Amino acid sequence: MLEKINFDKFGPTDYAARMFGGEVISVASHFSSENDSLLTKLQNIFQKHSHNQMQCIVQDCGTCLAIDGSHGSVLLKLSTNIVLNSLTIEHFPLHAYPRNKHGTYSAIKEFSVWGTNDLNAHDTEIWYGSFWFDYKQDFLQTFHFAADTKTLSVRYVRVKFFSNHGEDYTCIYRLRVHGTPMQTDSLPETA
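Residues numbered from 1 in each chain as written. Predicted model: local features only at pLDDT ≥ 70, side-chain atom pairs only at ≥ 80, totals over all residues. Heavy atoms only, no water.

Of regular secondary structure, the protein chain possesses four helices and eleven strands. Counting over 191 residues, the protein chain shows a buried share of 44%. Total accessible area on the protein chain stands at roughly 10100 Å², and carbon and sulfur atoms take up 53% of it. (Helix = DSSP H or I, 4+ residues; strand = E, 2+ residues; numbered from the N terminus. Buried < 20%, exposed > 50% of the residue type's maximum accessible area, 1.4 Å probe, protein only. Areas by Shrake-Rupley, 256 points an atom, 1.4 Å probe, with all protein chains shown as cover.)

So this is what it looks like as structure tokens:
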């Protein structure tokens, strides 16, 4: 348990951590589509979260970033290009919730992980897999990527979530990105 509480000290290096130069670029509570109303498009452009609020996802603030609805995405800029091998999600421990709050839960449930060096070319994104965060299993879970996806290093990671565990909003406490730094084989970075 002590290792989980001090995951940043005992766990693998987190290349998304703010203290190492990582940052949250954007948070969207909805996937854009051509059928969106003008109001929905404007809400996605003008996010409700301040830059400092979004950064809590990559540092220990002790609070969640609450996102409207059960699906959306988080875009992270890593401190350096890395060959990704895993992602860790941390949520508030279920056993610490007040008894009257049991039943629904705001943690991410189904999600996928994507990586790129070019934010403008979605067709070049590398898919690392789709996963399921089971809050009943543990509040801190690491998801490892298949060996065949570890080909190129990337600078940006997008986590798309498709559902949560029952709330009208999704809370993200902490995302960590792990891998191996690689400067030589990466695609050129374009922002």
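Generally speaking, a soluble globular protein has its nonpolar side chains buried in company with each other. Ranked by size, the top nonpolar core spans 36 residues in total, and within it Ile57, Val74, Leu84, Phe111, Val113 and Val177 carry the most contacts. Those elements that place two or more of their residues in this core are β1 (23–28), β2 (65–68), β3 (72–90), β4 (105–108), β5 (110–116), β6 (126–132), β8 (154–161) and β11 (174–181). The element that contributes the greatest number of residues to this core is β3, accounting for seven residues. In this view, Phe111 contacts Leu87, Ile89, Gly129, Ser130, Phe131, Trp132, Phe133, Phe143, Val159, Lys160, Phe161 and Phe162; residues no more than four positions away in its chain are not counted. (Core = buried A, V, L, I, M, F, W, Y, C linked by side-chain atoms within 4.5 Å. Contact = heavy atoms within 4.5 Å.)

This paragraph deals with the side chain of Asn164. Take Asn164: it is sitting in strand β9 (residues 164–165). For Asn164, a relative accessible area of 8% corresponds to the buried category. There is a polar contact of 2.9 Å between the side chain of Asn164 and the backbone nitrogen of Gly166. At a separation of 3.2 Å, a polar atom in the side chain of Asn164 contacts the main-chain carbonyl oxygen of Glu167. Leave out the neighbours within four places in its chain, and Asn164 touches Gly69, Ser70, Tyr105, Ser106, Ala107, Ile108, Lys109, Tyr169 and Thr170. (Polar contact = N/O pair within 3.5 Å; in protein donor to acceptor, adjacent residues only side chain to side chain.)

Another aspect to go through is the state of the cysteines. Should the sulfur atoms of two cysteines be covalently bonded, the bond is a disulfide. In total, this model carries one disulfide according to the counting rule given. Cys64 shares a disulfide with Cys171; S-S distance 2.2 Å. Placement of Cys64 in the loop between α4 (51–55) and β2 and of Cys171 in strand β10 (residues 169–172) is noted, with a sequence separation of 107 residues between them. Taking relative accessible area as the criterion, Cys171 reaches 6% and is therefore assigned buried. (Disulfide = S-S within 2.5 Å.)

With respect to the element layout, Trp127 can be found in strand β6. Put simply, Trp127 and Trp114 are 13 residues apart on the chain and 4.6 Å apart in space, counted from C-alpha to C-alpha.

Next up on the list: the side chain of Arg158. Examined against the element boundaries, Arg158 turns out to sit in strand β8. Classification of Arg158 as buried rests on a relative accessible area of 12%. Reaching out from Arg158, the side chain makes a polar contact with the side chain of Glu125 at a distance of 3.2 Å. For Arg158, the residues in contact, after removing those within four places along its chain, are Ser73, Val74, Leu75, Ser112, Val113, Trp114, His122 and Glu125.

What follows concerns the pattern of salt bridges. Scanning the entire structure with this criterion turns up three salt bridges. Glu90 is the salt-bridge partner of Arg176, the closest N and O atoms lying 2.8 Å from each other. Placement of the pair is Arg176 in strand β11 and Glu90 in strand β3, with a sequence separation of 86 residues. Across the pair Glu125 and Arg158 runs a salt bridge, and its minimum N-O distance is 3.2 Å. Of this pair, Glu125 sits in the loop between β5 and β6 while Arg158 sits in strand β8, and the two are 33 residues apart along the sequence. (Salt bridge = Lys/Arg side-chain N within 4 Å of Asp/Glu carboxyl O.)

All told, the structure shown has seven aromatic pairs when counted by the stated rule. Arranged with centres 5.0 Å apart and planes meeting at 80°, the rings of Phe111 and Phe143 form a pair that is edge-to-face. On the criterion of sequence distance, the pair formed by Phe111 in strand β5 and Phe143 in strand β7 (residues 140–144) is long-range, its members being 32 residues apart. Just as Phe111 is buried, Phe143 falls in that class too. Between Phe131 and Phe143, the aromatic rings sit 5.6 Å apart at their centres with planes inclined by 50°, giving tilted as the arrangement. Within this pair, whereas Phe131 is found in strand β6, its partner Phe143 is found in strand β7, the two being separated by twelve residues in sequence. Look at Phe131 and you get buried, because its relative accessible area is 16%. Here the aromatic residues Phe111, Tyr128, Phe131, Phe143 and Phe145 are joined through ring pairs into a cluster of three or more. A cation over a ring is seen here: Lys160 above Trp114, with NZ or CZ 4.9 Å from the ring centre. (Phe/Tyr/Trp six-rings, centres within 6.5 Å; stacked < 30°, edge-to-face > 60°. Lys NZ or Arg CZ within 6 Å of the ring centre and 35° of its normal.)

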